[in-house]
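# Notes for the structure review
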Amino acid sequence: MSLEKNRIITIANQKGGVGKTTTAINLATALAAIGERVLIVDLDPQGNASTGLGIDRRDRKLSSYDVLVGDHSITEAALATSVPNLSIVPSTMDLLGFEMEISQEADRVFRLKNALALDDAREYSYVLLDCPPSFNLLTMNAMAAAHSILVPLQCEFFALEGLSQLLETINQVRQSVNPTLDIQGIVLTMFDSRNNLAQQVVSDVREHLGEKVYTTLIPRNVRVSEAPSYGKPAILYDLKCAGSQAYLQLASEVIQRERQRKAA
Ligand code: ADP
Ligand code: MG
């Protein structure tokens, strides 16, 4: 039996626009809806997760930057969202300077891990880390801090190519900063059933990666793409739409995998 209290999952893929932030927001909302205490840490200077959860820039007095440089704890920087049980450590453009400022420090890759190890941060049952679209020091902090990685993969021609790069990186992370990093799963996003290529990508990815790929397919859904402009998760904006329903189903798969892991 595992003794760890919380589960830290990094949502990563070096490509932009594959659904990382959408997955972070909606998976977090679904987990919070079933009563888990959930925290998102927004590690992307773009701050899409913060904006998508309706956090006004003026309210971002503290951010993930302040946590990474060591000035403030996770709970000091965390803000409540309109979703009960869901908090977020927002991001600001300050994050752009982090890599340069901290490049000489010996613990630079472990800043987030150390912050999340403090008692107050361990009160969250799930912590989701929303990464920028590159393998920079911010993503490495997330990889070092996480128990597992969840990979959103867009159903498009280059999906498999990007994936092999990512699997290589995961191996490097295991050999360096995080030997026990687990793959929580791979979620196929923006699936369009009318597109033959998308069907082919799904079967190729399943063939290569088998059980690691979630059964849930996230469909391309206009309601999902509209929701952030209202500062709401799709699940709050339109619970009944196919995208929201898919994210609820994904959450139950994530929980199921956690149960299996704990029982093992
Ligand atoms: P990333 O964080 O990987 O850059 P995003 O989650 O921001 O990707 O998604 C990129 C764009 O695609 C956003 O405009 C988002 O609203 C849109 N999008 C993501 N998932 C879906 C979906 N299932 N259906 C329609 N649009 C989506
Ligand atoms: Mg993003």
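To be clear, the structure that these remarks concern was listed above.
Residues numbered from 1 in each chain as written. Chains lettered and ligands numbered in written order. Predicted model: local features only at pLDDT ≥ 70, side-chain atom pairs only at ≥ 80, totals over all residues.

## Looking at the nonpolar core
Judged by nonpolar contacts, the single largest core of 76 residues is most densely connected at Leu27, Ala28, Leu128, Leu129 and Ala142. The biggest single contributor to this core is helix H1 (residues 20-33), with seven residues. For Leu27, the residues in contact, after removing those within four places along its chain, are Leu128, Tyr247, Leu250, Ala251 and Val254. (Core = buried A, V, L, I, M, F, W, Y, C linked by C-beta atoms within 7 Å. Buried ≥ 20, exposed ≤ 12 C-beta atoms within 10 Å, placed from the backbone. Helix = DSSP H or I, 4+ residues; strand = E, 2+ residues; numbered from the N terminus. Contact = placed C-beta atoms within 7 Å.)

## Section: the sheet that holds strand E4 (residues 86-89)
The mixed open sheet is built from eight strands, whose spatial order is E3-E4-E2-E5-E1-E6-E7-E8. Only two strands of the sheet have a single partner each, and these edge strands are strand E3 (79-80) and strand E8 (213-219). Relative to E4, E3 is paired through two bridges, and the arrangement is antiparallel. Paired with Leu79 across the bridge in E4 is Ile88. Packed on one face of the sheet, helix H12 (residues 242-263) meets strand E1 (7-11), strand E7 (182-191) and E8 and runs near 165° to E8. (Pairing = 2+ DSSP bridges. Axes fitted to C-alpha atoms, helices over the stretch in contact; angles between N-to-C directions.)

## Brief notes about the site of ligand 1
With respect to spatial proximity, 18 residues lie near ligand 1, and among them Lys20, Thr21, Thr22, Val224 and Ser225 are the closest. Elements that contribute at least two residues to the shell around ligand 1 include exactly H1, E7 and helix H10 (222-226). For the shell around ligand 1, the leading source of residues is H1, giving three residues. Grouping the amino acids of the shell around ligand 1 by side-chain chemistry returns six nonpolar, ten polar and two charged. (Near = placed C-beta within 6 Å. Nonpolar A, V, L, I, M, F, W, Y, C, P; charged D, E, K, R; others polar.)

That is the geometry; function is a separate question.
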